[in-house]
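# Topology and contacts: notes
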Amino acid sequence: MEFSSKLLERAVNEMAQLPGIGKRTALRLVLHLLKQPKEQTELLTSALLKMREEIKFCKECHNISDVDVCEICANPSRDQSVICVVEDIRDVMALENTGIFKGLYHVLGGKISPIDGVGPSQLNIHSLVDKVKSGSVKEVIFALSSTMEGDTTNFYIYKQIKDCEVTTSAIARGIAIGDELEYADEVTLGRSLMHRIPFESSLKNM
């Protein structure tokens, strides 16, 4: 791809670093920004910079937040004794969109994947185990994607907490094997959460 401007080329190359954005799409987006009033671009860059500099991660569940404790964890109407374990922030958003789950979340920040060099120590597993061992949690729901890495992560956490007085369950396999949670439609996702099964039963399918 030939560029008549080094500035344009640099902007396109940076835009193309975003996931799912190729060079042609990046060029279309950059040219669109050029057509907009300068103030519009300034608003966009200002919003991105402010987000990058000021955004926090909830100290309770590791969800993205504007304050130290996110709105979900700070909500007194949520069931503090039920924790839904998810891979990342997008999964929290997907589950919240169902309007069904009224407990709390715990965002791991990924899943165990030795091939990618991701081990338990790189994830927010230790803080989850501490919560369970504190005795305040009655149920842990595993809601990770039904992939080999997701199942491995579920099983690793299960082994850490199986001797605690806590119920462990997994969302029903209304989600196709290998699918990512965030791409499931809200009805399927909601039903999978409502009809969750004891985690020990899900081990038979692994």
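Residues numbered from 1 in each chain as written. Predicted model: local features only at pLDDT ≥ 70, side-chain atom pairs only at ≥ 80, totals over all residues. Heavy atoms only, no water.

Of the regular secondary structure elements, the chain holds nine helices and seven strands. Looking at the 206 residues of the chain, the share that counts as buried comes to 38%. The long-range fraction of contacts in the chain, counting pairs at least 24 apart against all pairs at least 6 apart in sequence, stands at 56%. Only carbon and sulfur atoms are counted for the fraction: they give 54% of the accessible area of the chain, which is about 12,800 Å². (Helix = DSSP H or I, 4+ residues; strand = E, 2+ residues; numbered from the N terminus. Buried < 20%, exposed > 50% of the residue type's maximum accessible area, 1.4 Å probe, protein only. Contact = heavy atoms within 4.5 Å. Areas by Shrake-Rupley, 256 points an atom, 1.4 Å probe, with all protein chains shown as cover.)

According to UniProt, the feature "zinc finger region: C4-type" (unreviewed entry) maps to residues 58-73 in the numbering used here. In residues 58-73, helix accounts for 19% and strand for 12%; the two terminal C-alpha atoms are 8 Å from one another. (UniProt positions renumbered as here; feature names shortened; annotations may be inferred.)

With that settled, the discussion passes to the packing of aromatic side chains. When we look at a pair of aromatic rings, we describe it by the centre distance and by the angle of the planes. The full count for this structure, using the stated rule, is two aromatic pairs. Relative to Tyr 158, the ring of Phe 155 lies with its centre 6.4 Å away and its plane at 25°, an arrangement referred to as stacked. Note that Phe 155 and Tyr 158 are positioned in helix α7 (residues 148-161) at a spacing of three residues, about one turn of the helix. According to the relative accessible area criterion, Tyr 158 is buried, its value standing at 12%. (Phe/Tyr/Trp six-rings, centres within 6.5 Å; stacked < 30°, edge-to-face > 60°.)

Mapping Thr 98 onto the fold places it in helix α5 (residues 89-98). At 2.6 Å, the side chain of Thr 98 forms a polar contact with the backbone oxygen of Leu 95. (Polar contact = N/O pair within 3.5 Å; in protein donor to acceptor, adjacent residues only side chain to side chain.)

With that out of the way, let us pick up the pattern of salt bridges. In this structure the tally under the stated criterion is seven salt bridges. The salt bridge partner of Lys 50 is Glu 54, with a shortest N-O separation of 2.9 Å. Pair noted here: Lys 50 and Glu 54 are both in helix α3 (residues 38-54), with a separation of four residues, about one helical turn. Relative accessible area serves as the criterion here: at 47%, Lys 50 is assigned to the partly exposed category. (Salt bridge = Lys/Arg side-chain N within 4 Å of Asp/Glu carboxyl O.)

In contact at an axis separation of 8 Å, helix α1 (residues 6-15) and helix α2 (residues 23-35) are set at 120° when each is read in the N-to-C sense. Between α1 and α2, the interaxial angle falls into the category oblique. Considering only the axes of α1 and α2, their crossing is right-handed. Along the contact surface, α1 presents Leu 8, Ala 11, Val 12, Asn 13 and Met 15, while α2 presents Lys 23, Ala 26, Leu 27, Leu 29, Val 30, Leu 31, Leu 33 and Leu 34. (Axes fitted to C-alpha atoms, helices over the stretch in contact; angles between N-to-C directions. Parallel < 35°, antiparallel > 145°, perpendicular 65-115°, else oblique. Left-handed = near helix turned anticlockwise from the far one by under 90°.)

With that settled, the discussion passes to a nonpolar patch on the surface. Taken together, the side chains of Leu 44, Leu 48 and Met 51 present a nonpolar region at the surface, about 260 Å² in accessible area. Structurally, the position occupied by Leu 48 is in helix α3. (Patch = residues over 30% accessible without salt bridge, like charges linked within 9 Å, V, L, I, M, F, W, Y side chains within 5 Å.)

Moving on, we get to the nonpolar core. Among the nonpolar cores identified, the biggest contains 19 residues, and Val 85, Ile 125, Val 140, Phe 142, Ile 157 and Ile 161 are the most heavily contacted of them. Mapped onto this core, the elements with two or more residues apiece are β3 (79-86), α6 (126-133), β5 (139-142) and α7. The residues touching Val 85, leaving out its near neighbours within four places in the chain, are His 106, Leu 108, Leu 128, Val 140, Ile 141, Phe 142, Ala 143, Leu 144 and Ile 157. Counting 17 residues, the second-largest nonpolar core is a separate cluster that includes Cys 58, Ile 72, Val 82 and Phe 101. (Core = buried A, V, L, I, M, F, W, Y, C linked by side-chain atoms within 4.5 Å.)

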